[in-house]
Each structure stands twice: as C-alpha cells, then as structure tokens.
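Breakdown of the fold
Okay, here's what each chain looks like letter by letter:
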Amino acid sequence: MKTYPTKNIRNVLLLGHGGSGKTTLTEALAFNAGAVDRMGRVDEGNTISDFDQEEKKRMFSISSSIVPVEYGGHKINIIDVPGYFDFIGDAYTALRVADAVVIVVDALAGVQVGTEKAIELLNKVNVPAFIVVNKMDRENATFAKVMDNLKEAFGNKVIPFELPMGEGEDMQGVVNIVDMTGSQRKDNRCFDVEVPESMKEELEPYREMIMESVAQTSEELMEKYFEGEELTEDEIHHGIRTGVLDCDLIPVLCTSAVQNIGVETLENMIIAYLPSPKEDGKVVVGKDPRDGGEIEREISGNEPFSALVFKTIVDPFVGKLSIFKVMSGVLEVGTEIYNATREVKEKANHIYVLRGNKQIEVEAMLAGDIGAFAKLSETVTGDTLCTAKDPIVYDPIEVPKPVISMAIEPKTKGDIDKLSTGLHRLVEEDPTMSFGRNNETKQTLLSGLGEMHLEVISNRLKQKFGVEVNLLPMKVPYRETIRKSASAQGRHKKQSGGSGQFGDVWVTFEPGDTPNDPFVFVDKVVGGAVPRNFIPAVEKGLQDAMAEGVLAGYPVTGVKATLYDGSYHAVDSDEMSFKMAANLAYKKGMKEASPVLLEPIYKLTITIPEEYMGDIMGDLNKKRGRIMGMEPIEGGKQVITAEAPLAELFKYATELRSMTQARGEFEMEYARYEEAPAAISEKVVAEVQAAKEKK
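So, how was this worked out
- Residues numbered from 1 in each chain as written.
- Predicted model: local features only at pLDDT ≥ 70, side-chain atom pairs only at ≥ 80, totals over all residues.
- Heavy atoms only, no water.
- Helix = DSSP H or I, 4+ residues; strand = E, 2+ residues; numbered from the N terminus.
- Buried < 20%, exposed > 50% of the residue type's maximum accessible area, 1.4 Å probe, protein only.
- Contact = heavy atoms within 4.5 Å.
- Areas by Shrake-Rupley, 256 points an atom, 1.4 Å probe, with all protein chains shown as cover.
- Lys, Arg positive; Asp, Glu negative; His and termini not counted.
- Charge placed at Lys NZ, Arg CZ, Asp CG, Glu CD.
- Pairing = 2+ DSSP bridges.
- Axes fitted to C-alpha atoms, helices over the stretch in contact; angles between N-to-C directions.
- 1 Å grid on protein atoms, 1.4 Å probe; cavity = no way out; pocket = protein on both sides within 12 Å on 5 of 7 lines; lining within 4 Å.
- Points joined across faces, edges and corners; volume = space filled by probe spheres on them.
- Nonpolar A, V, L, I, M, F, W, Y, C, P; charged D, E, K, R; others polar.
- Core = buried A, V, L, I, M, F, W, Y, C linked by side-chain atoms within 4.5 Å.
- Arc of directions from axis to C-beta.

Looking only at helices and strands, the protein features 16 helices and 36 strands. Judged by the C-alpha coordinates and their principal axes, the protein covers about 110 × 60 × 50 Å. For the protein, with 695 residues in total, the buried portion stands at 54%. Considering only contacts in the protein between residues 6 or more positions apart, those separated by 24 or more positions represent 73%. With an accessible surface of roughly 31,300 Å², the protein has 47% of that area assigned to carbon and sulfur atoms. Here the protein contributes 79 positive and 110 negative side-chain charges, whose respective centroids are spaced 10 Å apart.

The sheet built from four strands is open, its strands ordered β7-β8-β9-β10 with antiparallel pairing. What marks the edges here is a single partner per strand, and that holds for β7 (162–165) and β10 (189–193). Within the sheet, the average angular offset between the axes of one strand and its neighbour, ignoring direction, is 25°.

As a further point, take the pairing of strand β25 (residues 434–438). Summarising the sheet, β25 and strand β26 (residues 443–448) pair through five bridges and their orientation is antiparallel. Bridging across to β26, asparagine 438 finds its partner in glutamine 443. Counting the residues in the hairpin turn of β25 and β26 gives four residues, including lysine 442, whose phi is positive at 60°.

Another aspect to go through is empty space enclosed by the protein. Scanning all chains against the criterion turns up five cavities of 30 Å³ or more. Quantified by volume, the largest cavity comes out at close to 180 Å³. Lining the largest cavity are 17 residues, and of these Ile62, Phe87, Asp430, His453 and Arg460 lie nearest its centre. Broken down by element, the lining of the largest cavity gets its largest block of residues, four residues, from helix α11 (residues 451–465). For the lining of the largest cavity, the residue count by class is seven nonpolar, four polar and six charged. There is about 80 Å³ of room inside the second largest cavity. Every residue lining the second largest cavity is listed: Leu15, Gly16, Val81, Pro82, Gly83, Phe85, Ile88, Ala91, Gly114, Lys117, Ala118 and Leu121. Elements that contribute at least two residues to the lining of the second largest cavity include exactly β1 (9–16) and α4 (113–125).

Counting residues in hydrophobic clusters, the biggest one holds 115 residues, and the most contacted among them are Phe130, Leu150 and Ile240. Looking at which element gives the most residues to this core, the answer is helix α6 (residues 197–215), with seven residues. Ignoring sequence-local partners within four residues, the contact set of leucine 150 consists of Val105, Val111, Ile131, Val133, Gly155, Val158 and Val252.

What follows concerns unusual backbone geometry. The backbone of lysine 135 shows a phi angle near 65°, a positive value even though the residue is not glycine. Although it is not a glycine, arginine 624 adopts a positive phi angle of roughly 60°. For arginine 624, the location among the structural elements is in the loop between α14 (613–622) and β34 (626–633).

Right, let's talk about the layout of surface pockets for a bit. Here the second largest pocket defines a volume of roughly 950 Å³. Every residue lining the second largest pocket is counted, 25 residues in all, and those nearest its centre are Lys475, Val476, Tyr554, Val684 and Val688. Taken together, the residues of the lining of the second largest pocket break down into 13 nonpolar, two polar and ten charged.

Moving on, we get to the sheet that holds β25. Adjacent strands of a sheet pair through backbone hydrogen bonds, lying either parallel or antiparallel. Strand order in the open sheet formed by four strands is β25-β26-β24-β27, with antiparallel pairing between adjacent strands. With partners counted over all chains shown, the strands left at the sheet margins are β25 and β27 (469–472), one partner each. Here the average twist between neighbouring strands, direction ignored, is 35°.

Residues Leu221, Lys224 and Tyr225 constitute the buried set of helix α7 (residues 219–226). Burial along α7 is one-sided: seen end-on, the buried residues are contained in an arc of 100°. Of the exposed residues in α7, the ones pointing more than 90 degrees away from its buried face are Glu219, Glu223 and Phe226. Structurally, α7 contributes buried residues whose contacts are with α6 and α8 (233–245). Once α7 finishes, glycine 228 follows within two positions and takes phi at roughly 85°, a positive value.

This part is about the environment of glycine 173. Locating glycine 173 in the fold gives a position in strand β8 (residues 173–176). Owing to a relative accessible area of 0%, glycine 173 belongs among the buried residues under this scheme. Sequence spacing of glycine 173 and isoleucine 261 is 88 residues, and the spatial spacing of their C-alpha atoms is 5.7 Å. In this view, glycine 173 contacts Pro164, Met165, Ser183, Gln184 and Ile261; residues no more than four positions away in its chain are not counted.

Here it is in structure tokens:
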C-alpha cells in the first residue's frame, strides 16, 4: 500500500444499531475498491472485519476493526465498530481519531436505540456525518417512511441525496438526486444509467430541498437562488461540501450492502464531501510533559512526529499490536519512538497498516493516517507516541465506566497465575473492563458494561490464554458496628512450666460519630496499671480483632475503644500476652455493645428519557432506594440521583436496559455504609452460620 498525502485520506467511522449492516457495508466498500476478490458474509464468518472467533460464533461485531481501502486516488480508513451496547467502548476510542461518521440505519427498523446513541455520540464530537439507509432491498422497506423517522430524530438538517430505483425486493439501483444520474446493478456491480422518466417528477421536491440547503451556505448563493438563477454544478458541490463540513447538512443515502447497490456512490461521496484530517487548517492540541504548557500542532508533515494510540490488540501468539493515528509529522521506518505518557523509549522496527487481522507493512505514513506497531512493551490505549526531542501528550481517551461486576475464578486452581496474566493483557485491549481483588470477600471481581461483555471476556480467556473460568455472583462486603457502649475485661493467663504469659486489660467499646468512621483507640490508663511499653500491643490486638466482627465475621468500623485499666506481671507479661488479652476483651465487650450489620450504599446517577421516570422510580423503591434529586437535561431526558444498597444493584445494568429498551444509562459509586434492616441482617447472619456448619 502506497503512502498517501494527508489531503487524500478519509478516516470514517461506521456507527449504528447492532444488525444494521455495518460489517456487510464494510465488505462492499472493500470489494469495490479491489481490497478483496469477493464479498464475505457475516453468517458465513468470512468477513474482513469480524475475524475474532467470538464474532464468528455470535455473528456480530464485538470489537472495532480497521479496513483501509484505496479508491479514486484516495485512502479511506473505514472503522467498523460494534453496535451492541456492551461493546460501545470501541466507539468512544474510535471517535477520537475519526474525521467523519457514517450512521447506518436498517431500512425496516428505522431509527433504533443504537441510532439514537450514535446521534448522541455524534453531537458530543460535532464531526461531519452521512446517514446510510441500508437493506433497502428487504421486503416492505420504504424509503419515505425511514426519512420521516430520520426527520423526527435529526431535524431538517437531514436531506435525501439518493432515492432507490425500485423499492423492497424490486430494488435495482439508486438515483443520485444531486447529479441526476442513475446507478443500476448488474453482475455484482452497479453501472451508470439514465434516470427513469417515471422517477423524475418524484425527484423534483427532493432536489429543491438540496438546492435550498446549498443556497443557505453563503449569502452570494442565497441571493442567486432567490432571484431564480440556476446554481452551477461547481456551486452546488461546493455548497454541499460546506454544509456537510459545518455539520449543518447530513446527506441521506440508500444502499443494499449485501447486493452492493449504492455503495460506489457512497464511496464517491465520502471522497467528495467528507473532510480530510487537515481540513480548513485543523490543528491538534496537547500538553508539553516538561512544563504542562499547551502545544498546538498542524496536522501536517512539516510538524514533529506525534501519534495517539486508540486501540490495542492482544494475541498470545502474534504479540501486542498498538493501533494509532499519526496526529502530526511524518512516520518513517527508523523514526525514534518515545512514549511521552509513560516517559519511556519504545522500539519499533516495522510500520503496519491493518486490514482486519491482516498486517500490511509500509515504509512511511503521513499526518492523519492510521497504522500499527507490533510489540511495544510499555504502550497502552490512550498513550501518546512522539520523538523525545519534541515531546507532546494528548488528552487520554475517556470511555464508559464498568457498571456490572461478577466474581471470576479459574476452574482449575493451578490456573490462577494464567488467569491473572490473561486479565492484565485483556485490560490493555479493552479499557472498559477492569478487575481487582476484594480482600474482604476474598473474591476476584471482573467488571464490565454488561453480562454479555463479561461472558465474552471469559470466553476470550479460554481462547487466547487457555484458562477456563467460572463467573459467580459477587458477595456483598458487609461490615459490622455497635449501637451502644459496653466495658469488658480481657484476662490472658497461661502457666505451663518455665516463663508464663499474663496480660489483663479493661476496655470500653462505644460507637464512633458515624458507622463509617475508622477504628479509634484511646489510652486512659493511669498509675501504670498497664506499662507504657505494652499499650501499643493492646492497640494492635484490638485492631487485628476488628477485622472479624462478632455478629457474622465481617470487618468492624465506627468503633472507639478506650483502655482505662488492667494489670501485669513483672516476669510473665509480654506484648503477645497483652494482644491476647485485648482480643478477649473485644469478644466480650462487642457482644454486649449491641452489634449490628452494615451494608454498603451506592450513589446512582441515572440518565433516562422522561417517559420512563415512573417505572424507574418505582423500581428504585422496590430496591430500597432513595431518590435524592431529579434534573431535566436537553433531549427530553432526566437525570435521577439516588442511593441504594449494593445488594440490590448487582443486575441493575441489565434491568435498566430492559426497562428503558436500552435508552437508559447509569453510573454508580460507593457512598457509605448504613445499618442493614433487621430482616436482611438476620438472613445474612443465618447464611454465614450455615456456611460455617457446612465446613
């Protein structure tokens, strides 16, 4: 593959609801560009972009894929991302490097939840976009109906630029309304034809809409249009491009990707109307890692080299691939690579272009292009690569936070190390997952964006690292505290020949200011009842004892312990004796201080369309939740702030999706511990007791 100048590069992200046909459209784009000899099919598992075993098995994308094609003297880097919400993190990372978006819509389903999510993402980054109504060859597909749907969602900025030549199963081609040309399918290709006479009258109102939109791009064109003058072909194309680049105009095209109808028109329009990475003097902004000052760079070969790593692929056999966009300068074989984020030098002997899972080696790459390095040891997604002489660090990539957790354990105990290695490697590949050890519950917790996400991770552990795992419900990390004060003596005396052991303490246990306060130790011993050198041992003994409550064995918080009296033996007393005495006082005193169970409370920030308010609030009440506030935001949505016990939230990601048809989203964070209701407490204590008896 040759090196393309920045002005001839297009970085295009395909967004849309799962099943709308993004992967099949990618196949057709690649086929027309000569990148493949025949179009693959998702149901046959032979597409360029869905090459992972999980993708072939499930027959949908679970990871983004880069497919560069050479077409019309340009290089189009197509980024095909998953449409299912468990894998939406890849859309966030790809948006950092895409210069334009193509939203793919299913002609039968119209605007779906995934389409709405694509619109929301598009609004966040404000990049030019097309809409492609795909599957127009399906029975009962009606372009006019989908257009009405799109107008509702996007407003008047959506303008049809194509009409199908025949609808549903009779679709034979498309008509380009701008150029008034037809394109008809014959033998897997489309050929230029005259616009059918029967369609010309139907096209007129749409063409008038386009002319009106073009006229609004400049005062000169507006004046000419209202004076009834014909706009020239150049004025029309320039006006369309201006409207698209300013995000005031979203052309709507129609295709049947599986029949390869309308796809070549899409390719031509990508080149004609969507921006290159350096459009209109666009610049990138980063920070100087040496002093934190802002650095602005043109997307040009005249600037120092820099690149942003936006995706990592981990393969235990091939090694790690770091996929990047050249943000500035020229990258050549032999260019010094410095990771400015981690302040380490990296060694890269080869530059690759990825087409699905195929690596194509290249000699050089200019600003704006997308490539890959193999086996960078320190680099992860979000890192900035540059030269040590001219360092720059770009902002990290923000991705959705995990919202569901499950315990993970290897089926074979001997695979614990392999599990840890596999999880560390997969986190490099997927920044929306995380894992960690909960020392209180003794579980390793795997967190992600949904149940399917966690299931895919567990399958990848088996495929890539040979570790079979079980996913189990996570345990609630309860804690314990006390409601009232109680004093107790702890007396440890042991005599078995030779030196004995003796320690004697009196301790008062009382509640702290809140159940969430850390353990507090107070020394009120007077007159040397307990020698000064043994008092730290008493404190340590109490601290160690607090790790296990007297009610159900959970850690204790919110307790103040005051040592106020005791006695010692001049010969037999030592630190261990006073630790043991403190433990005995703890067990007696805590039982008399009305111990209670505490449960973790989490703060929820839930964003939902207004029509679901009643259902969500009713559900939160069932979960023992408390509504803390509500705030309307743009787009007819509400943000609910609430608090609820963690024990009620394990499946909330799945439940919220179900209640809102996947339109709702939420974040949760730990708030504090609160006393659990008596019924919950009794149940938990009984379960702990039953587990002990089993052992």
